[in-house]
Amino acid sequence: MNWKVKVIISLLSIFIIDQYIKYIFIDGFRLEGSWLSLILVYNKGVAFSMFAFLEEYLKFLQLLLLGVVGFYFYKEKILQSYPIISGILFGAGISNVFDRFIHEGVVDYIYYHGWFDFAVFNFADVMIDFSVGMLFLFYFIKEGKKED
């Protein structure tokens, strides 16, 4: 299968799954637990609500960042080398930025409050962390084999 098709399928899959889950919480789903709660929160910043002071400008900066990273991935052939992981990364990133255009902020809903209080996050955030981790892992494995 062509790398472009893999990127598009993985991007759209993550985007659709993430938006569907977010819709469930926007529609009123809520579950309180002793150490994990599923609650609706609109994050006006980025991780841990940083840069919330940028307000409306933040979504445009994130669009620019996605474009720059996308261009870099294309130029450096990362899209071609890791199309599914790249699609996951961009699908999740686009989904979070999309929220900023249609809601008050990014729709977050997973709240861990067990042994410590953690930021509220969502499926797209997990997929971003996963894809970045996999890209680093594969890159270092590939680079390590070159040195042998």
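Scroll up a little and you will see the structure.
Description of the structure in this document. (Residues numbered from 1 in each chain as written. Predicted model: local features only at pLDDT ≥ 70, side-chain atom pairs only at ≥ 80, totals over all residues. Heavy atoms only, no water.)

1. Description of the overall build of the protein chain
- Counting its secondary structure elements, the protein chain contains five helices and three strands.
- Its helices and strands taken in sequence order, the protein chain reads α-β-α-α-α-β-β-α from the N to the C terminus.
- Every one of the 148 residues in the protein chain was classed for burial, and the buried ones make up 35%.
- A fraction of 68% describes how many contacts in the protein chain between residues 6 or more apart in sequence connect residues 24 or more apart.
- For the protein chain, the computed accessible surface area is about 9,500 Å², with 70% contributed by carbon and sulfur atoms. (Helix = DSSP H or I, 4+ residues; strand = E, 2+ residues; numbered from the N terminus. Buried < 20%, exposed > 50% of the residue type's maximum accessible area, 1.4 Å probe, protein only. Contact = heavy atoms within 4.5 Å. Areas by Shrake-Rupley, 256 points an atom, 1.4 Å probe, with all protein chains shown as cover.)

2. Examining the packing of aromatic side chains
- By the definition in use, this model includes twelve aromatic pairs.
- Centroid distance phenylalanine 25 to phenylalanine 29: 5.4 Å. Interplanar angle 80°. Geometry classified as edge-to-face.
- According to the relative accessible area criterion, phenylalanine 25 is buried, its value standing at 6%.
- Ring centres of tyrosine 112 and tryptophan 115 lie 6.4 Å apart, and the angle between their planes is 50°; on these two criteria the pair is classed as tilted.
- Aromatic ring contacts, followed pair by pair, group Trp35, Tyr112, Trp115, Phe116, Phe118 and Phe121 into a single cluster.
- The ring of phenylalanine 101 has lysine 59 sitting right over it, with the charged end atom 4.6 Å from the ring centre. (Phe/Tyr/Trp six-rings, centres within 6.5 Å; stacked < 30°, edge-to-face > 60°. Lys NZ or Arg CZ within 6 Å of the ring centre and 35° of its normal.)

3. Comments concerning the packing of helix H1 (residues 3-26) against helix H4 (residues 83-102)
- Contact geometry for H1 and H4: axes closest at 7 Å, N-to-C directions at 40°. Classified by the interaxial angle, the pair formed by H1 and H4 is oblique. As for the relative orientation of H1 and H4, their crossing is right-handed in sense.
- In terms of residue class, the contact of H1 with H4 is built from 13 nonpolar, six polar and four charged. (Axes fitted to C-alpha atoms, helices over the stretch in contact; angles between N-to-C directions. Parallel < 35°, antiparallel > 145°, perpendicular 65-115°, else oblique. Left-handed = near helix turned anticlockwise from the far one by under 90°. Nonpolar A, V, L, I, M, F, W, Y, C, P; charged D, E, K, R; others polar.)

4. Quick look at the nonpolar core
- The biggest cluster of nonpolar side chains holds ten residues, and these are Val7, Leu11, Phe73, Ile78, Leu79, Tyr82, Ile85, Leu89, Phe90 and Leu135.
- Of all the secondary-structure elements, those providing two or more residues to this core are H1, helix H3 (78-81) and H4.
- The element best represented in this core is H4, accounting for three residues.
- Once residues within four sequence positions are removed from consideration, isoleucine 78 is found in contact with Tyr72, Phe73, Pro83, Ser86 and Leu135. (Core = buried A, V, L, I, M, F, W, Y, C linked by side-chain atoms within 4.5 Å.)

5. A closer look at unusual backbone geometry
- With a phi angle near 60°, lysine 77 is a residue other than glycine that sits in the positive phi range.
- If you trace the backbone, lysine 77 turns up in the loop between helix H2 (57-75) and H3.

6. Details of the pairing of strand E2 (residues 106-112)
- Along E2, seven of the seven residues are buried, which leaves the element largely enclosed by surrounding structure.
- Sheet topology note: the strand E1 (residues 36-43)/E2 ladder contains six bridges and is antiparallel. Residue pairing for E2: leucine 36 is matched across the bridge by tyrosine 112. (Pairing = 2+ DSSP bridges.)

7. As for the side chain of serine 10
- With respect to the helices and strands, the residue serine 10 is situated in helix H1.
- At a separation of 2.8 Å, a polar atom in the side chain of serine 10 contacts the main-chain carbonyl oxygen of lysine 6.
- Within polar-contact distance, the side chain of serine 10 engages the backbone oxygen of valine 7 at 3.2 Å.
- Residue contacts for serine 10: discarding those within four places in its chain leaves Pro83, Ile84, Gly87 and Ile88. (Polar contact = N/O pair within 3.5 Å; in protein donor to acceptor, adjacent residues only side chain to side chain.)

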